[in-house]
Amino acid sequence: MAEFWTFYAWPTIWVVIQIVAIIVPLLLAVAYLTYAERKILGAMQLRQGPMVVGPFGLLQPIADGLKLMVKETIIPSGSNRVIFLIAPMLTFLLSLVAWAVIPFGEGMVVADINVGILYLFAISSLGVYGIIMAGWASNSKYAFFGALRSAAQMVSYEVSIGFVIVTVLLCAGSLNLSEIVRAQENLWFVIPLFPMAVVFFVSALAETNRAPFDLPEGESEITGGFMVEYSAMTYALFFLGEYANMILMSGMTTVLFLGGWLPPFGFAPFTWIPGPVWFALKIALCLFVFIWVRGTMPRYRYDQLMRLGWKVFLPFSLFWVVLTAGVLMAFDWLPA
């Protein structure tokens, strides 16, 4: 019995504790990201935003969650009921499992695997399946149009994201996310790879279906897109998945370009602040830009969206991969 607890039970319990320690704050962050978005957009539009529920409206996300929990889930009579219900669950779960390889601080990661970046890329690629399943299972032409838009959009921008990641890997010399962060101790990659950081962030907007690339949900032409038939908690799971993916893409931007948990340029006055705090602050900065873009940019037409992905980002990111590799080879800067 002692051997059972030593080799099986305690490691399993420890992993469960780590998972809960990540998921609970993440769900709270998702809830209050919706509050922050409404407040920031309100400030941009010279209004107050949520102010009624709780002091300064701080309990508004809780009220919204309770409202969605007690509403009736309506399933269309012509839909495929099983796939209709699985689709939002899949989208939400994929937005959570990716956090297993994200390092919050030195040694603070659930699974410190050597191919962490490939794991992240694989999980982000699977996200489109939940949306396609939702659009098809709803048996609605508007939902199906939204799913097709989202599939084409996510596939298009994943290509440029892949090339951006390749440039980071060339500079870091490792697929391990913790090693990528440590490679930025002296210089964050956002400085030498600034154009690729911009390409990555804009592609992240498209990957998460955020404005100005929110065409899969285009209310003005397809009345809500792939989510048009969803209500109550099934809608809430899509909503939570979208905002969790925003936090995930901000975390990826932080790890790949902003030095992860490291303080700015290793300055001594900043080293007393814990690494996870720096990590959270950088994610908050990226999320602010997500919301800022939504408040200022008009929605693209679909042909503009495709042209940007295939005719601008793809050749530019490919050129930057070749340029980065050439510079590293020419000056013998390739990591060992």
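Before reading further, recall that the structure is shown in the block above.
As a starting point, this report considers the structure included with it. What you are looking at is a predicted structure, and each value in this text was computed from that prediction instead of being measured.

**Side note on the overall build of the protein**
Link 1 in the chain: From N to C terminus, the protein includes 11 helices and zero strands.
Link 2 in the chain: Reading the helices (α) and strands (β) of the protein from amino to carboxyl end gives α-α-α-α-α-α-α-α-α-α-α.
Link 3 in the chain: Principal axes of the C-alpha set define a box for the protein whose edges measure 65 × 60 × 45 Å.
Link 4 in the chain: Out of the 336 residues belonging to the protein, those deemed buried represent 47%.
Link 5 in the chain: A fraction of 76% describes how many contacts in the protein between residues 6 or more apart in sequence connect residues 24 or more apart.
Link 6 in the chain: With an accessible surface of roughly 16600 Å², the protein has 73% of that area assigned to carbon and sulfur atoms.
Link 7 in the chain: Between the averaged position of the 16 positive side-chain charges in the protein and that of its 18 negative side-chain charges there is a distance of 12 Å.

**Side note on the pattern of salt bridges**
Link 1 in the chain: Counted under the stated rule, the structure contains eight salt bridges.
Link 2 in the chain: For Glu-37, the salt bridge identified is with Arg-294, shortest N-O distance 2.9 Å. Note that Glu-37 is positioned in helix H1 (residues 2-44) and Arg-294 in helix H10 (residues 275-296), a separation of 257 residues in sequence.
Link 3 in the chain: Across the pair Glu-179 and Arg-182 runs a salt bridge whose closest N-O atoms are separated by 2.8 Å. Of this pair, Glu-179 and Arg-182 both sit in helix H6 (residues 177-182), three residues apart, roughly one helical turn.
Link 4 in the chain: Exposure remark for Glu-179: the relative accessible area of 37% places this residue in the partly exposed category.
Link 5 in the chain: Several salt bridges converge on common partners, so that one network encompasses Glu-37, Arg-210, Glu-242 and Arg-294.

**Topic: the packing of helix H5 (residues 141-172) against helix H9 (residues 232-257)**
Link 1 in the chain: Their axes nearest at 10 Å, the elements H5 and H9 cross at an angle of 30°. By the angle class used here, H5 and H9 are roughly parallel. Viewed along their axes, H5 and H9 form a crossing whose handedness is left-handed. Of the residues in H9, those touching H5 at Ile-161, Val-164, Ile-165 and Val-168 are Met-249, Leu-256 and Phe-257.
Link 2 in the chain: Partitioned by chemical class, the residues of the contact of H5 with H9 number seven nonpolar, no polar and no charged.

**Considerations on the packing of aromatic side chains**
Link 1 in the chain: For the structure on display, the rule yields 16 aromatic pairs.
Link 2 in the chain: Pairing Tyr-157 with Phe-313 gives two aromatic rings, centres 6.1 Å apart and planes at 90°, and the pair type is edge-to-face. Taken together, the residues span a long stretch of sequence, with Tyr-157 in helix H5 and Phe-313 in helix H11 (residues 302-330) at a distance of 156 residues.
Link 3 in the chain: A residue is classified by how much of its surface remains accessible, and Phe-313, at 9% relative accessible area, is buried.
Link 4 in the chain: Cluster of aromatic residues (ring-pair linked, three or more members): Phe-84, Phe-226, Tyr-230 and Phe-238.

**Remarks on the nonpolar core**
Link 1 in the chain: Core analysis: the biggest nonpolar cluster contains 67 residues, and Trp-99, Phe-200 and Phe-257 have the highest contact counts within it.
Link 2 in the chain: No other element matches H9, which puts 11 residues into this core.
Link 3 in the chain: Judged by nonpolar contacts, the second largest core, of 13 residues, contains Ala-87, Ala-134, Phe-226 and Met-227.

Reading guide: rules and limits
- Residues numbered from 1 in each chain as written.
- Predicted model: local features only at pLDDT ≥ 70, side-chain atom pairs only at ≥ 80, totals over all residues.
- Heavy atoms only, no water.
- Helix = DSSP H or I, 4+ residues; strand = E, 2+ residues; numbered from the N terminus.
- Buried < 20%, exposed > 50% of the residue type's maximum accessible area, 1.4 Å probe, protein only.
- Contact = heavy atoms within 4.5 Å.
- Areas by Shrake-Rupley, 256 points an atom, 1.4 Å probe, with all protein chains shown as cover.
- Lys, Arg positive; Asp, Glu negative; His and termini not counted.
- Charge placed at Lys NZ, Arg CZ, Asp CG, Glu CD.
- Salt bridge = Lys/Arg side-chain N within 4 Å of Asp/Glu carboxyl O.
- Axes fitted to C-alpha atoms, helices over the stretch in contact; angles between N-to-C directions.
- Parallel < 35°, antiparallel > 145°, perpendicular 65-115°, else oblique.
- Left-handed = near helix turned anticlockwise from the far one by under 90°.
- Nonpolar A, V, L, I, M, F, W, Y, C, P; charged D, E, K, R; others polar.
- Phe/Tyr/Trp six-rings, centres within 6.5 Å; stacked < 30°, edge-to-face > 60°.
- Core = buried A, V, L, I, M, F, W, Y, C linked by side-chain atoms within 4.5 Å.

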